[in-house]
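Structural overview for review
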Amino acid sequence: MSDHDRELSRAFDGQAEQFERAPVQTDPAALGALVAFAALPPGARLLDAGCGPGIVAEAFLAGGHSVHGVDLSPEMVRRARQRCEGFGEHARFEVGSVLDLRAGPFEAAVSRLVVHHVEDPLAFVRAQVALVAPRGVVIVSDHTTDPEPERARWHHEIERARDRTHVRTLTAGELVDVLARAGLEELRLLEEPFELDFDEWFDRGTPTLPKDEVRRRVLAGRARGFEPVPRDDGGITLRCVRALVRGVRPAA
Ligand SMILES: C[S@@+](CC[C@H](N)C(=O)[O-])C[C@H]1O[C@@H](n2cnc3c(N)ncnc32)[C@H](O)[C@@H]1O
């Protein structure tokens, strides 16, 4: 395991409880949209890459699929097992890196909110392509940044100040390119707006700067995918955009 992955594992062990409780992560409409977008064949065997506390896995299990989840964080995996225990043998979870996984072949692989934490998004997606069968589906979902470099830089510095495990948020176009470079075909992209509350978002991070300083920086700019809107109650709503990208592994 790399130093980066060891740090991720530690950080997500500490963040697991707050992550699992965050309303934005368990939003049933967003989870339903992800399952619908995946458009998997009935009863598919799915890899959940970076499964966290099993929220995404649970949505696919409820849709009649089987899930094999893998995550670097033992605490996340413990929570995933607990959350999904009612699905019996259809739900399996293990601690480890997607990059080292020996399992499959799967009919599909999904990752939500993982790409911005990995050092090499292409290697991360290629690992999933290698684990799905020919004509298997790979779905990546993550929040996005602005294609305009100055705005993306402003956004990036805020993300890094709020979460030391953050590596880089991609634009929707960059996410599509990663799937194309990984050899996937029939690519589809869906963008969805969503909102965060600044305080709730900041408080479950692993910050490198004090909250007041991050708040000041947030109010000093805007980006496509990260637009702060000050509220009358003194809070800040962040208007964000997530991308869902789907590709198909070519037939052998
Ligand atoms: C923000 S959480 C998202 C969890 C889950 N996908 C969800 O959306 O509810 C990111 C998770 O990815 C995991 N992760 C990051 N890189 C990974 C890797 N290479 N292999 C396995 N898990 C990884 C982290 O440990 C963390 O639990």
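Shown above is the structure to which this text applies.
The residue count restarts for each chain, going from 1 along the sequence in the order it is written. Reporting of local features is limited, given that this is a predicted model, to residues whose pLDDT is at least 70; pairs of side-chain atoms are given and counted only at 80 or more, and all residues count toward the totals for whole chains, interfaces and linings. Excluded from the side-chain calculations are hydrogens and water; all other atoms, namely the structure's heavy atoms, are used.

1. Quick notes on the overall build of the chain
Assigned secondary structure in the chain consists of 10 helices and 8 strands. Along the three orthogonal principal directions, the C-alpha set of the chain runs to about 50 × 35 × 35 Å. Long-range pairs, those at least 24 residues apart, make up 75% of the contacts in the chain with a sequence separation of at least 6. Charged residues are defined here as Lys and Arg on the positive side and Asp and Glu on the negative side; His and the ends of the chain fall outside this count. By convention, charge coordinates are those of NZ in Lys, CZ in Arg, CG in Asp, or CD in Glu. Side chains of the chain carry 33 positive and 41 negative charges; the gap between the two charge centres is 2 Å. Helical segments are the DSSP runs of H or I of at least four residues, strand segments are the runs of E of at least two, and each set is numbered from the N terminus. Contacts: residue pairs with any heavy atoms within 4.5 Å of one another.

2. Topic: the nonpolar core
We define the nonpolar core as a collection of buried residues of types Ala, Val, Leu, Ile, Met, Phe, Trp, Tyr and Cys that are connected through side-chain atoms lying within 4.5 Å of one another. Buried residues are those whose accessible area, probed at 1.4 Å on protein chains only, stays under 20% of the maximum for their type, while exposed residues exceed 50% and partly exposed ones sit between those limits. Counting residues in each nonpolar core, the largest one holds 31 residues, and the members touching the most others are Leu34, Leu40, Leu46, Phe60, Phe93, Val110 and Ile139. Mapped by element, the contributors of at least two residues to this core are helix H1 (3–21), helix H3 (28–38), helix H4 (55–62), helix H5 (74–83), strand E3 (91–95), strand E4 (106–112) and strand E5 (132–143). The element best represented in this core is H4, accounting for 6 residues. In contact with Phe93, not counting residues within four places along its chain, are Cys51, Ala57, Gly69, Val77, Ala80, Arg81 and Cys84. If you look at the next biggest cluster of nonpolar residues, it comprises 29 residues, including Val70, Val98, Phe106 and Leu184.

3. Some thoughts on the site of the ligand
Here a residue is considered near a molecule or strand provided that any single heavy atom belonging to it is located within 4 Å of it. Close contacts around the ligand come from 19 residues, with Phe19, Gly50, Asp71, Val98 and Arg112 the closest. Two N or O atoms count as a polar contact when they lie within 3.5 Å, although within protein this holds only if one can serve as hydrogen donor and the other as acceptor, and sequence-adjacent residues are included solely when both atoms are side-chain atoms. Between the ligand and the protein, one listed contact pairs a nitrogen atom with a backbone N or O atom of Leu72 at 3.3 Å. Here, Shrake-Rupley sampling with a 1.4 Å probe gives the accessible areas, and only protein chains in the shown set may cover a residue. Burial of the ligand by the protein amounts to 98% of the accessible area it has alone, namely 600 Å². Top element by residues in the shell around the ligand is H1. It accounts for 3 residues.

4. Brief notes about unusual backbone geometry
Going from Gly104 to Pro105, the amide bond is cis rather than trans, its omega being 5°. Within the secondary structure, Pro105 sits in the loop between E3 and E4. A positive phi angle, near 60°, is found at Leu113, a position not held by glycine. With respect to the helices and strands, Leu113 occurs in the loop between E4 and helix H6 (121–131). Residue Arg135 is not a glycine yet carries a positive backbone phi of 70°. Along the chain, the position of Arg135 falls in strand E5. Arg135 sits in the partly exposed class, given a relative accessible area of 44%.

5. Brief notes about the environment of Asp13
Examined against the element boundaries, Asp13 turns out to sit in helix H1. Spatially, the C-alpha atom of Asp13 lies 5.0 Å from that of Glu75, the residues being 62 residues apart in sequence. Once residues lying within four places of it in the same chain are set aside, the contact partners of Asp13 are Ser73, Pro74, Glu75 and Met76. Engagement of the side chain of Asp13 in a polar contact is seen with the backbone nitrogen of Glu75, the distance being 2.9 Å.

6. A closer look at the pairing of strand E1 (residues 45–49)
Counting buried residues along E1, 4 of its 5 residues qualify, which places the element largely inside the surrounding structure. In this description, strands pair whenever DSSP reports at least two bridges between them. As paired strands, E1 and strand E2 (residues 66–71) are joined by 5 bridges and run parallel to one another. Looking across to E2, one finds that Leu47 is bridged to His68. The handedness of a crossover follows from its direction of travel: if, with the strands pointing away from the viewer, the path from the first strand over the helix to the second runs clockwise, the crossover is right-handed. Assessed by its sense of winding, the connection that carries the chain from E1 through H4 to E2 is right-handed. Pairing of E1 with E4, which is carried by 3 bridges, proceeds in the parallel orientation. What sits directly across from Asp48, in E4, is Val110.

7. Section: the packing of H1 against H5
The angle between two axes is taken between their N-to-C directions and runs from 0 to 180 degrees, where each axis is a line fitted to C-alpha atoms and a helix contributes only its stretch in contact. Relative to each other, H1 and H5 sit at 35°, their axes nearing to 7 Å. Side by side, H1 and H5 meet where Ser9, Phe12, Asp13, Ala16, Glu17, Phe19 and Glu20 of the first sit next to Pro74, Glu75, Met76, Arg79 and Arg83 of the second.

8. A look at the side chain of Arg79
Along the polypeptide, Arg79 turns up in helix H5. Its relative accessible area of 15% is what places Arg79 among the buried residues. Separated by 2.9 Å, the side chains of Arg79 and Glu20 make a polar contact. Not counting residues up to four positions away in its chain, the partners in contact with Arg79 are Ala16, Glu17, Glu20 and Pro53.

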